[in-house]
Amino acid sequence: PIANYPSIHRCTEHFKKITDMVMTMILQCEPRDIRIKILEHFIDIAHQCILLRNFSALFSIAFSALASAAIRNLSSTWQGVSPPPPPPLPAVPGDNQPRQQLQNIQKTRQ
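What counts and how
- Residues numbered from 1 in each chain as written.
- Predicted model: local features only at pLDDT ≥ 70, side-chain atom pairs only at ≥ 80, totals over all residues.
- Heavy atoms only, no water.
- Buried < 20%, exposed > 50% of the residue type's maximum accessible area, 1.4 Å probe, protein only.
- Helix = DSSP H or I, 4+ residues; strand = E, 2+ residues; numbered from the N terminus.
- Contact = heavy atoms within 4.5 Å.
- Salt bridge = Lys/Arg side-chain N within 4 Å of Asp/Glu carboxyl O.
- Patch = residues over 30% accessible without salt bridge, like charges linked within 9 Å, V, L, I, M, F, W, Y side chains within 5 Å.
- Areas by Shrake-Rupley, 256 points an atom, 1.4 Å probe, with all protein chains shown as cover.
- Core = buried A, V, L, I, M, F, W, Y, C linked by side-chain atoms within 4.5 Å.
- Axes fitted to C-alpha atoms, helices over the stretch in contact; angles between N-to-C directions.
- Parallel < 35°, antiparallel > 145°, perpendicular 65-115°, else oblique.

A.B. asks: Let's hear about helix α3 (residues 55-65): which residues, and what values?
C.D. replies: Every buried residue belonging to α3 is among Ala-57, Leu-58, Ser-60, Ile-61 and Ala-65, and all of these are buried. Considering only its buried residues, α3 is in contact with α1 (6-28), α2 (32-52) and α4 (69-72).

Okay, structure coming up:
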């Protein structure tokens, strides 16, 4: 029984509370443009959770709340979400100095 494992019960309840809070905040917004901004905000938070390696919060936001049927069915809202920025250009190995990088770029253009 769950009563034998109170810490697991608390973690599960916390997970559910985060999921419910994210879903409620998104679904309560009536104007589409505000709902889009809130949805993008939670996508940014999920990205920060990845960087912080907070996988519990990531799963409750991205894989539970944002993947729920209620949120997925907001097709006009999802269409308004900005696409992610392109990934940064890869660094050239061994080139840490800006002058050296500029010279290497100039060499490749010749």
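There is more to say, and it comes next.
A.B. asks: Give a description of the pattern of salt bridges that names residues and reports values.
C.D. replies: One pass over the full model with this rule turns up one salt bridge. Ionic pairing is found between Lys-16 and Glu-13, a salt bridge with its closest N-O pair at 3.9 Å. Here Glu-13 and Lys-16 lie together in helix α1, a separation of three residues that amounts to about one turn. Look at Glu-13 and you get partly exposed, because its relative accessible area is 29%.

A.B. asks: For a nonpolar patch on the surface, give the residues involved together with the corresponding values.
C.D. replies: Residues Phe-55, Phe-59 and Phe-63 make up a contiguous nonpolar surface patch of roughly 340 Å² in combined accessible area. Residue placement: Phe-55 occurs in helix α3. By relative accessible area, Phe-55 is classed as partly exposed at 45%.

A.B. asks: Could you give an account of the nonpolar core, naming the residues involved and the relevant values?
C.D. replies: Counting 19 residues, the largest nonpolar core has Val-22, Ile-26, Leu-39, Phe-42, Ile-61, Leu-66 and Ile-71 as its most contacted members. Of all the elements in the fold, those that place two or more residues in this core are α1, α2 and α3. No other element matches α2, which puts six residues into this core. The contact partners of Ile-61, leaving out residues within four places of it in the chain, are Ile-18, Val-22, Phe-42, Ile-45, Ala-46, Cys-49 and Leu-66.

A.B. asks: Give a description of the packing of α1 against α2 that names residues and reports values.
C.D. replies: The contact between α1 and α2 brings their axes to 9 Å, and the two run at 155°. By the criterion of interaxial angle, the relationship of α1 to α2 is roughly antiparallel. Where α1 abuts α2, its residues Met-21, Val-22, Met-25 and Ile-26 lie against Arg-35, Ile-38, Leu-39 and Phe-42.

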